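Letter by letter, the chains look like this.
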Amino acid sequence: MPEDTTGEGSGEDVAPKGLTDSVWEARQRARLGAPAASSDAPAGPPPAAPAAAAPLTEAGAATRADPTAPMDRPRERTAPIAPVTPPEHPPPRRRPLPLGRIVLGGLLLLGGLLWLLGVLDVLDVSLRAVLSLSLVAVGVGLFVGARTGGHGGLMLLGVLLTALLTFLSSFDIQLEGGVGNRTERPLTAQGLPESYRLGVGQLTVDLTELELPAGETRIQAIVGIGRLVVRIPPDMAVRVRGNAGGGQVEVFGSDGNGFDVDRTARRNNPGSASARVVVVAEVGLGQVVIGVRE
Amino acid sequence: MSLAGLDRRALLGGAVFVVLGALFLLEDLGVLNLRAAFILPIVLIVLGLAVLVGTIIEPGRPRD
């Protein structure tokens, strides 16, 4: 069996035969790339390193001759570093205020406030008045922001408000009074409100059980969009007027339709000459029906 | 007052909206009694005037 002169595979830290301890230790360090030789390393010229051990750099040439020396990483030459001046940033420009958002936020705030005050009966403001004020505010916003330009959103909002107001005003649509179907049956003249109102839906005003005092009693009913029905007892002396901004008006069987339709009628009752009812029924867009109910 | 540097289209639109809003408000408050049949033609007249005036004061403005 040949002798293992390299010591590999022996697994022991003992120099093989024929090698002194110092030579064995030097070979082990060179193989493992261990750090510098210990103090008991032999002095004098080290064993010749293989030619292809490592490319030598200027700094490392002196040390690489020693195989027991640590493997120095080549140092790179660096040019002198010039002081770096930070790039000059242009002075920060103030962004123009988003005028559209400001006006929209203000309008929402104002609209909500007016709505809340209306619900609390603190202030009586109609929807058309709020929309009109909003249109004026949009116009003022465009004036104020004319220097910065680019207010397509405000322009669009103004056009939409104008279209909505034109629609509401053309048909005289009043949207106060809520939405749905409602029937009113007044019993006494003292309990009559100034006017019955409904925004959208059907409103029925039934006068068949109304106790009339002497003289003239006025009853007004207004529906924004929908149907308005007024029922009158056959023995009641009445003067009625039905009006629709757009739609149909039917009064005691006589009807008309189209835009701004207006119908009036009068009926006397000799038995109750001193008591008379004046009925005014208006619909913005829809139908008015005034008829006799037995 | 110079109009240089101002967006004339915004000025014109603002003027139209203020006038229309004031008309609608006065009509709602009962100060003006515009008949329903007049409102749409009036709005069309105002908008048409606005378009014409806008074209005249900014003839060279490129379209967006």
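The coordinates are above.
Quick caveat: nothing in here was measured; it's all calculated off a predicted structure. (Residues numbered from 1 in each chain as written. Chains lettered and ligands numbered in written order. Predicted model: local features only at pLDDT ≥ 70, side-chain atom pairs only at ≥ 80, totals over all residues. Heavy atoms only, no water.)

Draft legend 1. Just the nonpolar core, in detail. Leu203, Leu207, Leu228, Ile232, Val240 and Ile290 of chain A are the most contacted members of the largest nonpolar core, which has 28 residues in total. For this core, the secondary structure elements donating two or more residues are β2 (196–206), β3 (215–232), β4 (238–251), β5 (254–267) and β6 (275–292) of chain A. What Leu228 of chain A contacts, discounting residues up to four positions off in sequence, is Leu203, Val205, Ala221, Ile222, Val223, Ala281, Glu282, Val283, Gln287, Val288 and Val289 of chain A. Core analysis: the next-biggest nonpolar cluster, separate from the first, contains 26 residues, Ala146 and Leu165 of chain A together with Leu11 and Val46 of chain B among them. (Core = buried A, V, L, I, M, F, W, Y, C linked by side-chain atoms within 4.5 Å. Buried < 20%, exposed > 50% of the residue type's maximum accessible area, 1.4 Å probe, protein only. Helix = DSSP H or I, 4+ residues; strand = E, 2+ residues; numbered from the N terminus. Contact = heavy atoms within 4.5 Å.)

Draft legend 2. Local environment of the pattern of salt bridges. Within this structure, the stated rule accounts for 7 salt bridges over all chains. Of the charged contacts, one joins Arg128 of chain A and Asp28 of chain B as a salt bridge, the two residues approaching to 3.7 Å between their closest N and O atoms. Of this pair, Arg128 of chain A sits in helix α4 (residues 127–144) while Asp28 of chain B sits in helix α1 (residues 8–29), on two different chains. For Arg128 of chain A, a relative accessible area of 6% puts it in the buried group. Given the relative accessible area of 23%, Asp28 of chain B is considered partly exposed. Its salt-bridge partner being Asp262 of chain A, residue Arg241 of chain A comes within 3.0 Å of it at the nearest N-O pair. With Arg241 of chain A in strand β4 and Asp262 of chain A in strand β5, this pair connects stretches of sequence that are 21 residues apart. Using a relative accessible area of 31% as the deciding quantity, one classes Arg241 of chain A as partly exposed. Owing to a relative accessible area of 35%, Asp262 of chain A belongs among the partly exposed residues under this scheme. Linked through salt bridges whose partners overlap, the residues forming this network are Arg128 of chain A together with Glu27 and Asp28 of chain B. (Salt bridge = Lys/Arg side-chain N within 4 Å of Asp/Glu carboxyl O.)

Draft legend 3. Looking closely at the interface of chain B and chain A. Of the residues lining the interface, 23 residues belong to chain B; the matching set on chain A comes to 27 residues. Interface of chain B and chain A: buried area, both sides summed, is about 2000 Å²; carbon and sulfur atoms make up 72% of it. Sorting the residues of chain B by area buried against chain A places Phe17, Phe24 and Asp28 of chain B first, and these three jointly supply 29% of that buried surface. At the junction of chain B with chain A, the criterion picks out 2 salt bridges. Among the ionic pairs, Glu27 of chain B bridges to Arg128 of chain A, the shortest N-O distance being 2.6 Å. At the boundary of chain B with chain A, the tally comes to 2 residue pairs in polar contact (both at pLDDT 80 or more). (Buried area = accessible area lost by both parts, 1.4 Å probe. Polar contact = N/O pair within 3.5 Å; in protein donor to acceptor, adjacent residues only side chain to side chain.)

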